[in-house]
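# Chains, contacts and geometry: an overview
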Amino acid sequence: MKIIIVGGVAGGATAAARIRRLMEEATVVLYEKGPYISYANCGLPYYIGGVIKDRASLLLQTPEKFDSHYHVEVKVLHEVLKVLPEEQKVIVKDLQTGETFEDSYDQLVLSPGSQPLRPPIQGIDLPGIFTLWNVPDTDRIKRFLEEKRPKNAVVVGGGFIGIEMAENLRHAGLEVTLVEMMNQVMAPFDYDMALMLHRHLRECGVQLMLETRVERFEAVKDQLSVKLSGGESLETQLVILCLGVRPQTVFLKDSGLAMNARGALVVDEHMLTNDPHIYALGDAVEVADFVSQAPTMIPLAGPANKQARIVADNLWKPGSSAYRGSQGTCIVQVFDLTAATTGHNERQLQTRGLRKGPDYDVVLIQSKSHAGYYPGSCGMTLKALCETESRKILGAQIIGYDGVDKRIDVLAAVQRLGGTLDDLQELELAYAPPYSSAKDPINMVGFVGNNQKKGLVRHVQIPEMKEGDYTLLDIRVPEEWNLGEIEGAVQIPLEQLRHRLDELDRDRHYLVFCAIGVRGYIATRILMQHGFMASNLAGGYAAYNNYSCGEEELVCRNIPVSTMMDFSEGGAALGKAPLDGKTVTLDACGLQCPGPIMQVAEAMKALEEGDYLQVSATDPGFLRDIGAWSERTGNRLIESGKVDKTIQALIQKGQPRAMVRPAEIPHNKTIVVFSGDLDKAIASLIIANGAASMGRKVTLFFTFWGLNVLRKSERVPVKKNLLERMFSAMMPRGTGKMGLSRMNFMGMGPRLIRKIMRDKNVDQVEALLEQALKQGVHLIACNMSMDLMGIREEELIDGVEMGGVASYLAEAENADTNLFI
Ligand code: FAD
């Protein structure tokens with residue numbers, strides 16, 4: 001059998017190798033129009049950026065080596081001009097000699113790939129404008145960089161290759177502007193996920209222009225002027241076009257092979273075209289979408305390689321192997337971040353007419369790459385989508401700093417095997433602290449999904465915030481409020497929530513948020529179990545901040561320009577500034593948000609104004625947090641940046657600013673009533689009533705002798721032991737029997753004071769007590785003292801609450817005045 005293969009890179013070379021392993025006797029001829037076969041096209045951007053140093057390492061095979069290995073006749077610089085299916089022939093042009101000849105086949109394999117789009121934009125052929133698809137393209141760009149040494153570049157298109165080029169040109173020391181027509185980069189991701197990439201690209205010095213179209217290119221002296229849809233223009237020497245691809249099938253136009261409207265070859269599940277002697281694969285074919293089974297085109301190396309094996313298997317034994325569709329699983333490095341996805345995103349589901357709730361469910365969580373206590377742990381955001389009824393996984397997206405690759409692969413595998421979101425709970429994944437957590441992020445997706453299914457928690461995505469009538473509840477610690485707030489949010493730290501539930505309104509629906517959603521879940525559960533309507537904001541403040549950060553802004557609002565990572569300098573130059581005060585160093589490495597900020601806040605307290613704090617941290621969010629925190633606390637961020645994997649910041653202590661905005665300073669009052677003296681009780685109640693009438697929340701905590709103030713005047717029949725009976729008899733029963741702290745004169749003093757109060761129109765203590773209860777003053781009787789002194793609840797006046805020291809402390813923490821009487 002003679003097999004001809006067209007195309008010698010991902011699909012073609014893989015098919016040739018497998019054919020030989022299965023069919024030693026077959027004659028195999030491979031035509032490749034370019035000068036190289038089996039090269040690493042996925043590595044090309046990294047060679048341009050200097051990350052891959054050795055050009056030779058991209059060239060995985062030579063025709064000679066391939067032939068000696070696989071006994072395949074490889075003809076590079078040979079272009080197949082035409083396919084004649086009727087005659088089972090191809091017409092080939094030798095691009096070196098110009099000679100054209102025919103070759104015949106028993107079976108033909110087409111893997112011609114795709115080619116970059118070059119829309120008819122005016123000036124697109126001007127020098128300095130490149131596309132990147134193969135080794136010759138790479139050589140041209142590399143040569144241009146070396147010879148012209150451009151200072152800046154414009155990358156048009158924010159897909160995989162556009163992003164990789166933007167990053168690599170930054171690595172090569174250029175100023176980079178990325179122009180994207182859509183409102184987001186990386187179309188396989190949902191907008192809420194892509195926002196993280198926008199932010200990070202900007203942090204890494206890429207000027208990102210979204211919803212901007214290139215109108216035309218003009219040559220201006222030795223520069224290019226890129227005219228944009230908004231009217232502005234960018235002057236540059238280098239433009240890289242990354243506008244997508246289309247199948248390279250023009251040469252098959254008259255072959256009679258079935259193609260879709262975009263020129264992709266139509267194949268069956270065995271990768272067979274409508275001609276029984278012609279197979280096709282790779283970027284040039286239409287495949288079934290694994291999720292919807294609809295025809296689609298997914299130009300990726302993984303599918304091309306797998307399809308190549310299937311083609312070889314079917315050439316060996318026709319119909320023996322089938323391709324079951326592409327999920328579009330892919331991954332990209334965006335500077336320090338990794339972004340990966342599989343299956344469908346929410347936008348695709350909605351385009352298919354599916355609705356969140358009845359048709360599909362969303363789980364969005366933040367998790368750590370590995371155990372938080374082991375150094376280097378970083379956050380990642382996982383978004384998974386499943387069918388509401390069957391719980392079958394429809395797709396997933398992950399963005400994070402570390403461990404993203406293995407998580408997306410697990411999700412892709414579970415999806416491929418028809419698994420459900422609930423199955424993720426049961427996966428037993430490898431765990432040791434440097435690699436994961438005992439509950440891997442994948443398990444967490446399953447747990448959260450299952451909680452949602454059971455109605456234990458309801459998550460609200462940021463775009464849905466406006467849809468409901470929610471009252472925002474910020475349960476972060478006060479130090480975190482300085483990183484930014486959501487306007488109108490009620491602020492009660494999680495630690496105080498249980499004791500401050502009475503400040504919340506049971507008629508409202510609380511939308512709880514913390515930094516990333518984890519503590520928010522705990523708070524939501526507390527509220528739900530106390531009968532409140534509550535939901536958790538998915539992704540917490542971090543997600544909100546990404547959303548609210550205007551796309552128009554060239555830098556995110558929390559990051560001053562001076563603190564951007566400077567790649568050309570090889571990182572921040574910390575400590576170069578002449579320091580005229582004491583400098584203290586703080587190592588906050590290994591801590592997760594809000595750990596580093598809390599440590600900074602603590603360390604700052606010990607410094608004098610003008611002193612410096614030099615901080616190292618590994619939490620990636622610290623870079624933006626420290627900018628926001630310094631600005632809001634009146635300290636000065638001198639510089640910050642990344643040195644290797646550590647974030648460094650130098651802060652000068654400034655005029656301390658109130659951490660909490662004045663409007664939010666709690667004006668609550670707490671009074672410990674320890675004394676059982678009438679005058680002191682009167683004083684306590686006058687203060688309490690005064691504060692309550694000013695609208696303050698007032699709590700009186702009665703302990704030891706103070707408990708007598710709350711005793712009923714009449715005798716209450718309760719069981720007591722001898723000691724308790726003696727105690728009760730010796731202590732005054734209620735306010736009517738209480739003495740003065742001074743000048744008691746055997747009981748004359750109190751009568752005198754009551755008369756004076758009457759004469760002066762001051763309420764008696766009993767009236768004061770009644771008034772306090774009416775005004776909502778909390779009268780708390782100390783459980784522990786009651787027990788010690790043998791006082792029973794029945795002996796106390798109505799309206800008194802029982803409580804321990806925790807109840808009092810919870811109130812005191814939120815008060816600006818705390819008296820001990
Ligand atoms: P190709 O590998 O492109 O091979 C097609 C070959 O056919 C070409 O060499 C072409 O010259 C030759 N050819 C075409 N027409 C003819 C003809 N008439 N006669 C003779 N020869 C012909 N995918 C990923 O999954 N991950 C990545 O990280 C990734 N990064 C990429 C980065 C870059 C810069 C590029 C360009 C692509 C990247 N891809 C990536 C995509 C991936 O390389 C392709 O999906 C894959 O190579 C497709 O394989 P293929 O065999 O269909 O086409």
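The structure under discussion appears in the preceding block.
Residues numbered from 1 in each chain as written. Predicted model: local features only at pLDDT ≥ 70, side-chain atom pairs only at ≥ 80, totals over all residues. Heavy atoms only, no water.

### Considering the state of the cysteines
To keep things clear, this is the line we draw: A pair of sulfur atoms, both from cysteines and within 2.5 Å, is called a disulfide here. Throughout this description, buried means an accessible area under 20% of the type-specific maximum (1.4 Å probe, protein chains only), exposed means over 50%, and partly exposed covers the range between.
What the rule picks out here adds up to zero disulfides. A disulfide-free cysteine, Cys-42 has its sulfur positioned 12 Å from the sulfur of Cys-330, the nearest such atom. We note that Cys-242 lacks a disulfide partner, and the nearest cysteine sulfur, in Cys-42, lies 14 Å from it. You can call Cys-242 buried: its relative accessible area is 11%.

### Examining the site of the ligand
What counts is decided by this rule: Nearness of a residue to a molecule or strand requires only that one of the residue's heavy atoms be within 4 Å of it. Each polar contact in these results corresponds to two N or O atoms within 3.5 Å; when the atoms are within protein, one needs to be able to donate a hydrogen and the other to accept it, and residues that are neighboring in sequence are counted only if both atoms are side-chain atoms. We get accessible surface area from the Shrake-Rupley algorithm with a probe of 1.4 Å; when it comes to residues, only the shown protein chains can shield them. The helix count covers DSSP runs of H or I at least four residues long, the strand count covers runs of E at least two residues long, and both are numbered beginning at the N terminus.
Not every one of the 29 residues close to the ligand is listed here, only the nearest: Gly-11, Glu-32, Ser-111, Asp-283 and Ala-301. At a separation of 3.1 Å, an oxygen atom of the ligand approaches a polar side-chain atom of Asn-41. Between the ligand and Asp-283 there is a distance of 2.8 Å, counted from an oxygen atom to a side-chain nitrogen or oxygen. Taken by itself the ligand offers 980 Å² of open surface, and the protein chains cover 90% of this. Those elements giving two or more residues to the shell around the ligand turn out to be α1 (10-22), β2 (27-32), β4 (78-84) and α7 (301-316).

### Details of the pattern of salt bridges
This is how it is decided: Salt bridge criterion: a side-chain nitrogen from Lys or Arg within 4 Å of a carboxyl oxygen from Asp or Glu.
Counted by the stated rule, this structure contains 35 salt bridges. Two residues, Glu-218 and Lys-227, come together in a salt bridge whose shortest N-O distance is 4.0 Å.

### Thoughts on the sheet that holds strand β15 (residues 233-236)
Put simply, the test is: Following DSSP output, two strands are said to pair if at least two bridges run between them. The axes used here are C-alpha line fits, helices contributing only the stretch in contact, and every angle between their N-to-C directions lies in the interval 0 to 180 degrees.
One open sheet accounts for three strands, arranged β13-β14-β15; its pairing is antiparallel. Of all the strands in the sheet, the pair left with one neighbour each is β13 (214-220) and β15. When strand polarity is set aside, the average angle formed by the axes of neighbouring strands in this sheet is 20 degrees.

### Thoughts on the sheet that holds strand β39 (residues 801-803)
Condition: Between two residues, a contact is recorded if the distance between any of their heavy atoms is within 4.5 Å.
The strand order β39-β38-β37-β36-β40 describes an open sheet built from five strands, whose pairing is parallel. Two strands in the sheet have a free side with no partner beyond their single neighbour: β39 and β40 (815-820). Direction aside, neighbouring strands of the sheet carry axes that sit 25 degrees apart on average. Sheet analysis places strand β36 (residues 668-673) next to β40, joined by five bridges and oriented parallel. Residue pairing across strands places Thr-670 opposite Asn-818, the latter belonging to β40. Its contacts with the sheet place helix α23 (residues 805-813) against β36, β37 (698-702), β38 (778-782), β39 and β40, and it is angled at close to 130 degrees to β40.

### Structural notes on the pairing of strand β31 (residues 533-537)
Condition: With the strands pointing away from the viewer, any crossover whose connection runs clockwise from the first strand over the helix to the second is right-handed.
Of all five residues in β31, four are buried; the element is thus mostly enclosed. As defined by bridge partners, strand β27 (residues 459-460) adjoins β31 across two bridges and the pair is classed as parallel. Following the sheet pairing, Val-460 is matched in β31 by Leu-537. Here four bridges tie strand β30 (residues 509-513) to β31, and the two strands are oriented parallel to one another. Within β31, the position partnered with Leu-511 by the bridge is Ser-535. Considered for its hand, the β-α-β crossover made up of β30, helix α14 (residues 518-529) and β31 is right-handed.

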